[in-house]
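Next come the chains, spelled out residue by residue.
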Amino acid sequence: MPVSFHWQQRIDRLKNRARGLFGGGGEQPRPKLCPACGTLVGISATRCHECGASLRFSLAAATKGVSGLFGEESPVTRVLLFANIAMFGITYLAGLAAGQSGFSIAFSGSGEALYRLGASWMPPILFLHEYYRLVTASFLHMGLLQIGMNMMVLMDVGPQAEHEYGSSKFLFLYTFTGISGFLLSAFRRNFAVGASAALMGIIGLLLAMNMKRGGALAQAQKSRLISWIAMTFMIGLFPGVRIDNWGHFGGLASGFVLGRLIADRQPVTPREKQIAHALGWLAGLVLVASFVLMFVHYRDPIPAEWR
């Protein structure tokens, strides 16, 4: 059966790794590039002579290995897309277990299922110290309309931001702005879910980036981003639509501030790359830990006064 070029590359890499593990392979060893700074290093080198990074156990090497599993083009955006869709399926099954039949088209889902899967809400965050909800809420959605709109925005702005800032920094910025949005939402005592808080953060980031730049392309980008912002906030004003504009504003504001403060480019120097990789792994660990805590507390009893 024929496979795509990218999948053939992955298969070849797995074969080469397997040969190395079992002592096989007839290929001649070749020089390699440092994953941290891109410098050409020797065949037997274990540490880069330019930046000093370990070629075997550095964060840069680990990042390159993990991202290679999801393709060279926008790997973090792909993982976020898959995670959101997977959690929507899990939410549907949890809703059935809670007695909800079928699925929701609009912005209404099983409140109990969303609560147990980590929706953002002040009472459990404040009184039960379930801070992981500020993270997991970004991967939950109330209906097909909400997740459909959010994934459309993700595939529009995600690849661009990941290309401009690099995958590691993009993952950190996405996670941080999502937390910021739901933190403001929780202070407003809203029960909220959705990727839109983090997406508004990325939109704010790109808006600030394009405000630093001139030319027709930057102007066109700003117009497109402002259109997304206006449409998102307008939908939240419609009666009966359960959209949390406070979460949107928190994500947008934090993204815009970060966009004004940080360099609007990928890391260049070895130091910048080390920091970016560290931030990316920090965000990844926060995500994993949050989902682990969500599953640990999934079956905790819900206080009667919160039902």
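The preceding data block contains the structure.
Residues numbered from 1 in each chain as written. Predicted model: local features only at pLDDT ≥ 70, side-chain atom pairs only at ≥ 80, totals over all residues. Heavy atoms only, no water.

If you tally the helices and strands in the protein chain, you get 12 helices and 2 strands. A buried classification covers 46% of the 307 residues belonging to the protein chain. Here the analysis covers contacts within the protein chain between residues at least 6 apart in sequence; of these, 70% occur between residues at least 24 apart. When the accessible surface of the protein chain is totalled, it reaches about 16200 Å², and 67% of it is carbon and sulfur. (Helix = DSSP H or I, 4+ residues; strand = E, 2+ residues; numbered from the N terminus. Buried < 20%, exposed > 50% of the residue type's maximum accessible area, 1.4 Å probe, protein only. Contact = heavy atoms within 4.5 Å. Areas by Shrake-Rupley, 256 points an atom, 1.4 Å probe, with all protein chains shown as cover.)

On to the packing of helix α3 (residues 75-97) against helix α8 (residues 167-187). Packing of α3 against α8 brings their axes to within 9 Å, and their N-to-C directions diverge by 40°. Here α3 is positioned oblique relative to α8, judged by the angle of their axes. Along the contact surface, α3 presents P75, V76, T77, L80 and N84, while α8 presents S167, F170, L171 and Y174. Residue composition of the contact of α3 with α8, by class: 6 nonpolar, 3 polar and no charged. (Axes fitted to C-alpha atoms, helices over the stretch in contact; angles between N-to-C directions. Parallel < 35°, antiparallel > 145°, perpendicular 65-115°, else oblique. Nonpolar A, V, L, I, M, F, W, Y, C, P; charged D, E, K, R; others polar.)

Another point: unusual backbone geometry. Of note in the backbone geometry, H129 takes a positive phi value of approximately 60° without being a glycine. Tracing the backbone shows H129 in the loop between α5 (122-127) and α6 (133-136). Residues other than glycine seldom take positive phi values, yet R189 does so here, at roughly 60°. Its location among the elements puts R189 in the loop between α8 and α9 (196-212). R189 sits in the exposed class, given a relative accessible area of 54%.

Under the definition given, this model contains 5 aromatic pairs. Ring centres of Y115 and W121 lie 6.4 Å apart, and the angle between their planes is 80°; this geometry places the pair in the edge-to-face category. Residue classification places Y115 among the buried residues on the basis of a relative accessible area of 7%. Taking relative accessible area as the criterion, W121 reaches 17% and is therefore assigned buried. Measuring from ring centre to ring centre gives 6.1 Å for F170 and Y174, while their planes differ by 55°; the resulting arrangement is tilted. Within this pair, F170 and its partner Y174 are both found in helix α8, separated by 4 residues, close to a single helical turn. (Phe/Tyr/Trp six-rings, centres within 6.5 Å; stacked < 30°, edge-to-face > 60°.)

Along the chain, the position of H141 falls in the loop between α6 and α7 (144-165). Each C-alpha atom of the pair H141 and L114 lies 8.1 Å from the other, and the pair is 27 residues apart in sequence. If sequence neighbours within four positions are ignored, H141 has contacts with N84, F88, T91, L114, Q146, I147, N150, M151, V193, G194 and A195. One polar contact links H141 to N150, side chain to side chain, over a distance of 3.1 Å. Engagement of the side chain of H141 in a polar contact is seen with the backbone nitrogen of A195, the distance being 3.2 Å. (Polar contact = N/O pair within 3.5 Å; in protein donor to acceptor, adjacent residues only side chain to side chain.)

Here R116 lies in helix α4 (residues 111-116). Polar contacts involving the side chain of R116 include one to the main-chain carbonyl oxygen of Y298, which spans 2.7 Å. Filtering out sequence-adjacent residues up to four positions away, R116 remains in contact with M294, Y298, R299, D300, I302 and R307.

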